[in-house]
Structures are given as C-alpha cells and as structure tokens.
Amino acid sequence: MQIGVFSVSDITTDPTTGRTPTEHERIKASVAIAKKVEEIGMDVYAIGEHHNRPFFSSSPTTTLAYIAAQTERIILSTATTLITTNDPVKIAEDFAMLQHLSDGRVDVVLGRGNTAPVYPWFGKNIQDGVELAIENYSLLRKLWDEDTVNWSGKFRTPLQNFTSTPRPLDGVAPFVWHGSIRTPQIAEVAAYFGDGFFANNIFWPKEHYQQLIGLYRERYEHYGHGKADQAIVGLGGQFFMRKNSQDAVKEFRPYFDNAPVYGHGPSLEDFTSQTPLTVGSPQEVIEKTLAFREYFGDYQRQLFLIDHAGLPLKTVLEQLDLFGEEVLPVLRREYAALKPAHVPEPPTHAGRVAALLASQDAGKATPVA
C-alpha cells in the first residue's frame, strides 16, 4: 500500500487568527510538507492543478520538479492534471521531463477538475468535458507509446510525423490514475486502458463511490487486464488528530466551519459520520481508514488531505509527525497482513520497467523441441 498526502493548494484565512498566508508562504509550505512526508516514511506527495483563486497550484510539474531535487524516495504525483483543458502534447512533454529529473519517481492523476470557468479560459466548452477527456487521453497515450505520431481529432489541430520529447524514461510512461468523484465514463476509460482509478471519496457517502469503483473493477476484468479485485484503486481521505479526541474536535471545528469547500454546510459531526473525514485520536484514524477496505475492496494507494482550510504549516507538520509515530506503522502492518497474494502491488517505475523487460524476454523466447 502506498500511503501519502495530497494538497488542493487553497489559500485560506486562518479563522482562529484572521491571518491569510501569502502565495509565497503557501508555495514554500508545500515543499516543507513534501519533505516531511518523506521524513516520516510516507510514500506519495501529490498536488492539484488550479487556475483560479483561492488556489495557487497552476503549475504542479514545476513544484514537483523542485521537490524532486530535495527528496530521494517519495513518489511525486498530481492530485489532478486537467486532461480537458491542457494540451496533451504539453502533458506528455512535461511529465516525461519530470520523470527524468526525478529518476522515475512520478505518476499522474488525470481529471476534469471542479472549476467550470477554466474551460473558456483555455478556449474549451464545458459541455465537451467528457469528450475532451477521452480524446485528449487517447492522444496522450499515443505520444508516450509511439515514437512517431500521426493523429487527427475533433478538438485539436492534427499532428504529422510528430515525436514528443523527451521520450519516457526507460521506455515506460508515467503511471496514470484517472481521477473521478462522479463520472462513470472516466471509470470506463481507466478500465479500458488498464490504468489506475483514483476515487477521491472525501465529499459523499461511501455508497456513491462503491458504485463507481465497482463499475471500474467490473470493466477492468471485462477488458482482460485481470480479475476485478486486481484492479488498481486509489482512495482519498482526511484527518485531524490530537492525542485526545475532544481536543482534536475543539481545535479543528473553526477550520471545518469556515473551509472554502464544505464550510457553512453540514455540521462537523454529520460530515465525519458520512465521509472519510476523521477528527479525533490516532486510533480513530486507524480504525476508520482500515474500514475503507471493507467498503471498496483491496486497493493500492491511500492519500490524505491535511493542509487545507487555513491550517497553519506548524499544525500540519505536527499532524504528520503524529501520523508517522502512531498511525503509519499500524496501517502498514495491517495492510500487509490483510492483502491477498494475488492482488498486485502498487505501481512503481521500477516495477513497471521490470514487467516490460520480462514481457520483452518472453517475446524473444523460442520453443524448445
């Protein structure tokens, strides 16, 4: 199991002090958080893509390249790369470059995002969102998989004898997760290509995501990539911890009540009972996280949202230290004990290179009389 954190990159006023961090402070904080993620032994740091306030992460590959230079082990990912409004050629080039700079420690979560105005800002129509996602990803795959591409489609100028540079590291493209919170067509695309499906299940009850993940698993098997329970699934999550549950609830409540996404909506108690958000002790975080497997089956990646709603950097780093000390070792032990042998390990660059070499060797083998 890969365990890590993701950021939506919001810049939010701290409701307890009235102070709003600057863009510079939040950008530098993302680097500090990523380094702490590696320090405590987690596996993944991911950051989203936005082009509007109150968010700062308009160029996640730039951020991740900077983090790559200061880390050695963690996988660097996006929480969302906008497959609908980015040019597939630029995605192919940017992530291949990041692959080389990070020695393969990179993958990508593709999605449509949740900001409607981004479509006209980049010359697109939101009504074409699903079509754009499907066509753009088909082109992205060709750009990574084929040295010379000849292509034409509905939404982009044709390509003739085009080669995307640099080529993917070791001939293996970054692993792709298709992120979705509501769209079955995206689950279908992930299943068709045998890619991962990241269900960021932080907003709605589990039943909604059970349907999406169930569809993805069923179609993954239909397309011949393996059994349904071998499909590659990632999940979201959120937590705020203190040693004492009451202290955690008291401290986090003003942040929850004023959060830009769910503030002034459901109560903290209702939200924690219906979604993955856990506000309480380390043991409560452990119990709720392990329950995800009961709802969604064995899965490969668990990411947590922790640096949002105006929480100061000092508090976020304290949360990570507490997680590393009391939660991470237990989750690792329990996941390892529960995982069936036939369920695949999480995707890594080294593992995918080894699989490619093995398939090439198998193709070269000749029958023995």
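Residues numbered from 1 in each chain as written. Predicted model: local features only at pLDDT ≥ 70, side-chain atom pairs only at ≥ 80, totals over all residues. Heavy atoms only, no water.

**Considering the pairing of strand E5 (residues 107-111)**
Most of E5 is tucked away: 5 of the 5 residues are buried. Residues Asp107, Val109 and Gly111 line one face of E5 and the alternating positions Val108 and Leu110 line the opposite face, and both faces are buried. Relative to E5, strand E4 (residues 81-82) is paired through 2 bridges, and the arrangement is parallel. Bridged to Thr81 within E5 is Leu110. Following the backbone out of E4, through helix H3 (residues 88-101) and into the adjacent parallel E5, one traces a crossover that is right-handed. (Buried < 20%, exposed > 50% of the residue type's maximum accessible area, 1.4 Å probe, protein only. Helix = DSSP H or I, 4+ residues; strand = E, 2+ residues; numbered from the N terminus. Pairing = 2+ DSSP bridges. Right-handed = clockwise from strand over helix to strand, strands pointing away.)

**Quick notes on the side chain of Thr183**
Following the sequence through the fold, Thr183 ends up in the loop between strand E8 (175-180) and helix H6 (184-193). Among all residues touching Thr183, those that are not within four sequence positions of it are Arg112, Val130 and Leu212. (Contact = heavy atoms within 4.5 Å.)

**Re the pattern of salt bridges**
Overall, the coordinates contain 23 salt bridges when judged by the stated rule. Residue Asp94 pairs with Lys90 through a salt bridge whose shortest N-O separation is 2.7 Å. Taken together, the residues Asp94 and Lys90, both in helix H3 and 4 residues apart, mark about one turn of the helix. Residue classification places Asp94 among the partly exposed residues on the basis of a relative accessible area of 25%. With relative accessibility at 45%, the residue Lys90 sits in the partly exposed group. Between Glu146 and Lys142 there is a salt bridge, and its shortest N-O distance comes to 3.1 Å. A residue is classified by how much of its surface remains accessible, and Glu146, at 32% relative accessible area, is partly exposed. Residues joined by salt bridges that share partners form a network here, namely Arg242, Glu251, Lys314 and Glu318. (Salt bridge = Lys/Arg side-chain N within 4 Å of Asp/Glu carboxyl O.)

**As for the packing of H3 against helix H5 (residues 129-145)**
As a packed pair, H3 and H5 sit with axes 9 Å apart at the nearest point and diverge in direction by 45 degrees. One element, H3, and the other, H5, form an angle in the oblique class. For the pair H3 and H5, the crossing hand works out as right-handed. Seen from H3, the contacting residues are Pro88, Val89, Ile91, Ala92, Phe95 and Ala96; seen from H5, they are Asn136, Leu139, Leu140, Leu143 and Trp144. (Axes fitted to C-alpha atoms, helices over the stretch in contact; angles between N-to-C directions. Parallel < 35°, antiparallel > 145°, perpendicular 65-115°, else oblique. Left-handed = near helix turned anticlockwise from the far one by under 90°.)

**Let's talk about the packing of aromatic side chains**
Two aromatic rings, taken as a pair, are described by how far apart their centres are and by the angle between their planes. Scanning all chains against the criterion turns up 13 aromatic pairs. With 5.2 Å between their ring centres and 70 degrees between their planes, Phe239 and Phe304 make a pair best called edge-to-face. Within this pair, whereas Phe239 is found in strand E11 (residues 238-241), its partner Phe304 is found in strand E13 (residues 301-305), the two being separated by 65 residues in sequence. As far as the burial class goes, Phe239 and Phe304 line up, both buried. Each ring, one from Tyr299 and one from Tyr335, has its centre 6.1 Å from the other, and the planes form 80 degrees; the classification is edge-to-face. Pair noted here: Tyr299 is in the loop between helix H10 (282-296) and E13 and Tyr335 is in helix H11 (residues 313-338), with a separation of 36 residues, a long-range link. Given a relative accessible area of 8%, Tyr335 falls into the buried group. Grouping aromatic residues by their ring pairs yields a cluster made of Tyr137, Tyr192, Phe193 and Tyr223. A cation over a ring is seen here: Lys206 above Tyr295, with NZ or CZ 5.0 Å from the ring centre. (Phe/Tyr/Trp six-rings, centres within 6.5 Å; stacked < 30°, edge-to-face > 60°. Lys NZ or Arg CZ within 6 Å of the ring centre and 35° of its normal.)

By themselves, these observations are geometric and do not establish any function.
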